[in-house]
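# Report on the structure
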Amino acid sequence: MSRFWTRAQPVAAIALVLSVIGIPLWLVVVTAAKSQGEALNPDLSLPQHWQLLENLRQVWVDGEVPAAFFGSLLVVVPTVALLLTFGSMAAWVLARRATRLNAVLYALGISGIVLPPAVVTVVLLLRQLGLAGSAIGMIGVYTGIYLSTVIFFVTGFVRTIPPALEEAAQIDGAGPFMVFWRIVLPLLRPVLATATILICLYVWNDVFYAFFVVGGRLDTLPLNLFRVASAGLYLNNWHLIFAYVLLMSLPLVVVLAVAQRKIISGITGGAVK
Amino acid sequence: MPVTSAAVRERSPVRPLPAPDTPRRNTVKRQTHPMWFLAPAFAILLVFFFLPTLFNFVYAFTDWSGFKSSINPTGFDNFTQLASDGTLLRAVRITLVYAVLVALFQNLFGFGLAVLLERDNTLNRVARIFFLVPVLMSALAVGYIFQALLKPQGSLNHLLGIDYAWLGDTTWTIVVVAVIHAWKWMGLSMLIYLAGLKTIPEDLIEAARIDGASRARAFWSIRFPLLAPAVTFNVATALLGSMNGFDIVQATTGGGPARTTEILNIFIYRTFGQGLFAQATAMSLVLFLLVALLAFPVIRTLRRREAVL
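Source: prediction; values computed, not measured. (Residues numbered from 1 in each chain as written. Chains lettered and ligands numbered in written order. Predicted model: local features only at pLDDT ≥ 70, side-chain atom pairs only at ≥ 80, totals over all residues.)

What follows deals with the overall build of chain B. A count of helical and extended segments in chain B gives 15 helices and zero strands. Per-residue burial for chain B yields a buried fraction of 44% across its 309 residues. In chain B, 69% of the contacts between residues at least 6 apart in sequence involve partners at least 24 apart. (Helix = DSSP H or I, 4+ residues; strand = E, 2+ residues; numbered from the N terminus. Buried ≥ 20, exposed ≤ 12 C-beta atoms within 10 Å, placed from the backbone. Contact = placed C-beta atoms within 7 Å.)

Listed below in structure tokens is the structure:
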């Protein structure tokens, strides 16, 4: 049994990777390199004539990739910054001052982990605030949705840090902001890395909330993929859809290849200690 | 900030010296950990999360729509209308079926992968990274890939030598879409199961083996029960996460065929697009209540296993 397993395991692992992950990814690459006629019915055959670069160039223009890329960045970067700063500020006090009020606030603060956001009425609210369709509105909505996740992870982490370091700084006369900025925040680096990875994953790929809040007003990568695909499915432009998929996924795959160890420990670090 | 009354009950579990609840300590705490640190986060939560949720409970009972500017209360009209044509029950049922199927498949796949790729060697490490690629990819992109793969004249039918409309079956397509959802997220479950397997000390299994347990017996009787916390976490996140799902269903079937895969968020998106804002809000409220109802038992179970989180 054991010897059989040692022999069969590598074979099974390789076969599984090739079939379960390899086939879908192969389909993307070969279809993205085909002409429209050849890609009409996407299959696993190699393109007769590679025109990957031409297809990429075409979606770059048609799908307005540069605008979408900057739109995505415009939303993701401030969202992450706000979440990490405000989330860890709140989590620090919630973890250190165990009052009954704070227990209630904590429960409210993390409720958004499971409760679905009210996507329809948030549009109405943004209209009343004059933020409808704006990047600021989108950033606010994402921050509201994912603050729960950050507060949950960071509060749990702060509880494991002994308060002696903070006390030393307090005795030296540092105010709360100084203590937080100079002592606490640097100690939070591992959990903030986890939170950043998760938030980037969610926000970068989100299309559902973006539909409601900024649909048609601001380009983001997933929104433009949807636009290209909705037009493309009608016109059977599979080569362009997959060229776009390739363009959009490439940065993430590169990040994964470079920082895989960090990402893996980041993702699991949050769930299981 | 209403600090004073609550701060009196201050407990300090971390500090070794028992100096409980003296007013002086609370003054110190108030200075060292001021409540205004909570203000920005809770202001954002209030405006962008709690207020819209509260609005859900108001606008679900109005005739808010894209066709007129006035908004009038209509009582339970939206709900009776949704219930009378069967939409409400069907959407709730489809959402629940979808969530259960996703939780089931995602955990089966993730667990299987974790067991298969458990040993730390180069091959397994590389294989794990490959299974993480779908986790990082956009769900929309995953949906389009599978739409192409599963077309009646698509590659899968070609490989299998059959002619089946995977995404056009009114009974089984929901299962197919749930498998696709599970395919995207199985890498995440795998990582969490792997981390869980690592926490189990080797000598426990050794002891069982010395006592004469077979490999299979040692696995199922000792390691598997010790994985319970990872199972709870994975099942809870898959279940509650897929109830709020949208992208994969939208990109593969768009809710079809014959609306048999129309989960709540697809319905909300579609009716919102038609300008029927009040109906969309009513369904959004239904989703909220459904998740809240299911979340409480799930969270209680999670908290009981607080050691994991």
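From this point, the narrative continues.
In this section: the overall build of chain A. Helix and strand counts for chain A stand at 13 helices and zero strands. Reading the helices (α) and strands (β) of chain A from amino to carboxyl end gives α-α-α-α-α-α-α-α-α-α-α-α-α. For chain A, whose C-alpha radius of gyration is 23 Å, the value lies well above the compact-globule estimate of 19 Å for 273 residues. Considering chain A as a whole, with its 273 residues, one finds that 48% of them fall into the buried category. Look at the contacts in chain A between residues 6 or more apart in sequence, and 73% of them connect residues 24 or more apart. (Rg over C-alpha atoms; globule rule 2.2 N^0.38 Å.)

This paragraph deals with the interface of chain A and chain B. Listed as interface residues are 77 residues of chain A and, on the opposing side, 81 residues of chain B. Looking at the side of chain A that touches chain B, its residues break down into 55 nonpolar, 18 polar and four charged. (Nonpolar A, V, L, I, M, F, W, Y, C, P; charged D, E, K, R; others polar.)

We now examine the UniProt feature "transmembrane region" (unreviewed entry) in chain B. In this structure's numbering, the residues bearing the UniProt feature "transmembrane region" (unreviewed entry) are residues 35-59, 96-117, 129-150, 170-197, 218-240 and 276-299 of chain B. Across residues 170-197 of chain B, the secondary structure splits into 89% helix and 0% strand, with the terminal C-alpha atoms separated by 39 Å. (UniProt positions renumbered as here; feature names shortened; annotations may be inferred.)

With that out of the way, let us pick up the nonpolar core. Proteins that are soluble and globular tend to have nonpolar side chains buried together. Residue and element names in this part refer to chain A. Grouped together as the largest cluster of nonpolar side chains are 178 residues, with contacts concentrated most on Ala90, Ile151, Val154 and Tyr244. Composition of this core by domain shows at least three residues from each of domain 1 (2-53) and domain 2 (63-235). Tyr244 has contacts with Val59, Gly63, Leu225 and Val228, leaving out every residue within four places of it along the chain. (Core = buried A, V, L, I, M, F, W, Y, C linked by C-beta atoms within 7 Å. Domains from an automatic or database assignment.)

Next up on the list: the UniProt feature "transmembrane region" (unreviewed entry) in chain A. Residues and elements named next belong to chain A. In this structure's numbering, the residues bearing the UniProt feature "transmembrane region" (unreviewed entry) are residues 12-33, 67-92, 104-126, 132-158, 179-204 and 238-259. Secondary structure over residues 104-126 splits into 65% helix and 0% strand, and the C-alpha atoms at its two ends are 27 Å apart. Secondary structure content for residues 238-259 is 100% helix and 0% strand, and the end C-alpha separation is 31 Å.

It is worth spelling out the environment of A:Pro163 at this point. All names here are of chain A. Along the polypeptide, Pro163 turns up in the loop between helix H7 (135-158) and helix H8 (164-171). For Pro163, a count of 18 C-beta atoms within 10 Å gives the class partly exposed. Sequence separation between Pro163 and Arg96 is 67 residues, and the spatial gap between their C-alpha atoms is 8.5 Å.

This paragraph deals with the UniProt feature "domain: ABC transmembrane type-1" (unreviewed entry) in chain B. When the UniProt feature table is mapped onto this chain, "domain: ABC transmembrane type-1" (unreviewed entry) is found at residues 92-298 of chain B. Helix makes up 76% of residues 92-298 of chain B and strand 0%. Its end C-alpha atoms lie 19 Å apart.

Before going further, it helps to spend a moment on the packing of helix H1 (residues 2-32) of chain A against helix H6 (residues 122-136) of chain B. Following both chains from N to C, one finds H1(A) and H6(B) inclined at 20 degrees, their axes separated by 10 Å at the closest point. With respect to H6(B), the element H1(A) is oriented roughly parallel. In this structure, H1(A) meets H6(B) at a crossing whose hand is left-handed. Across the interface between the two elements, A:Pro10, A:Ala13, A:Val17 and A:Ile21 of H1(A) pack against B:Leu123, B:Asn124, B:Ala127, B:Phe130, B:Phe131 and B:Val133 of H6(B). Of the residues that constitute the contact of H1(A) with H6(B), the class distribution is nine nonpolar, one polar and no charged. (Axes fitted to C-alpha atoms, helices over the stretch in contact; angles between N-to-C directions. Parallel < 35°, antiparallel > 145°, perpendicular 65-115°, else oblique. Left-handed = near helix turned anticlockwise from the far one by under 90°.)

Time to look at the confidence of the model for chain B. Residues and elements named next belong to chain B. Per-chain confidence: chain B averages 85 in pLDDT, with 87% of residues scoring 70 or above. Low pLDDT, under 50, characterises residues 1-21; the stretch is placed with 26 contacts to residues that sit more than four places away or in other chains. For this predicted complex, the interface confidence reaches an ipTM of 0.90, while the overall pTM sits at 0.88. (pLDDT = per-residue confidence, 0-100.)

Along helix H5 (residues 100-110) of chain A, the residues that are buried comprise A:Asn102, A:Leu105, A:Gly109 and A:Ile110. An end-on view of H5(A) places all buried positions within 120 degrees of arc, on one side of the element. In this structure, H5(A) carries A:Val104 and A:Ala107 as exposed residues pointing more than 90 degrees from its buried face. On its buried side, H5(A) packs onto helix H4 (65-96) and H7 of chain A together with helix H3 (39-59) of chain B. (Arc of directions from axis to C-beta.)

It is worth spelling out the packing of H1(A) against helix H7 (residues 139-149) of chain B at this point. The relative placement of two packed helices is expressed as an angle between their axes plus a distance between the axes. The contact between H1(A) and H7(B) brings their axes to 10 Å, and the two run at 85 degrees. The angle between the axes of H1(A) and H7(B) places the two elements in the roughly perpendicular class. Counted together, A:Pro24, A:Leu27, A:Val28 and A:Thr31 of H1(A) and B:Ile145, B:Ala148 and B:Leu149 of H7(B) form the full contact between these two elements. Looking at side-chain class alone, the contact of H1(A) with H7(B) contains six nonpolar, one polar and no charged residues.

To continue, consider the confidence of the model for chain A. Of all residues in chain A, 97% have pLDDT values of 70 or greater, and the mean over the chain is 88. Mean pLDDT across the elements of chain A ranges from a minimum in helix H13 (residues 238-271) of chain A, with 80, to a maximum in H4(A), with 94.

So, about the environment of A:Tyr142. Residue and element names in this part refer to chain A. Topologically, Tyr142 is positioned in helix H7. Note on Tyr142: 26 C-beta atoms within 10 Å, which makes it buried. Along the sequence, Tyr142 and Asp206 sit 64 residues apart, while their C-alpha atoms lie 9.7 Å from each other.

Time to look at unusual backbone geometry. Residues other than glycine predominantly adopt negative phi, and peptide bonds predominantly adopt the trans conformation. Residues B:Gly256 and B:Pro257 are joined by a peptide bond in cis, for which omega reads -5 degrees. Tracing the backbone shows B:Pro257 in the loop between helix H13 (247-252) and helix H14 (264-273). A positive phi angle is found at A:Glu64, which is not glycine, with a value near 45 degrees. Of note, A:Glu64 is situated in the loop between helix H3 (52-62) and H4. Residue A:Glu64 is classed as partly exposed on the basis of its C-beta count, with 16 C-beta atoms lying within 10 Å. A positive phi is found at B:Ala258, a non-glycine position, where the angle reads about 55 degrees. For B:Ala258, the position within the fold is in the loop between H13 and H14.

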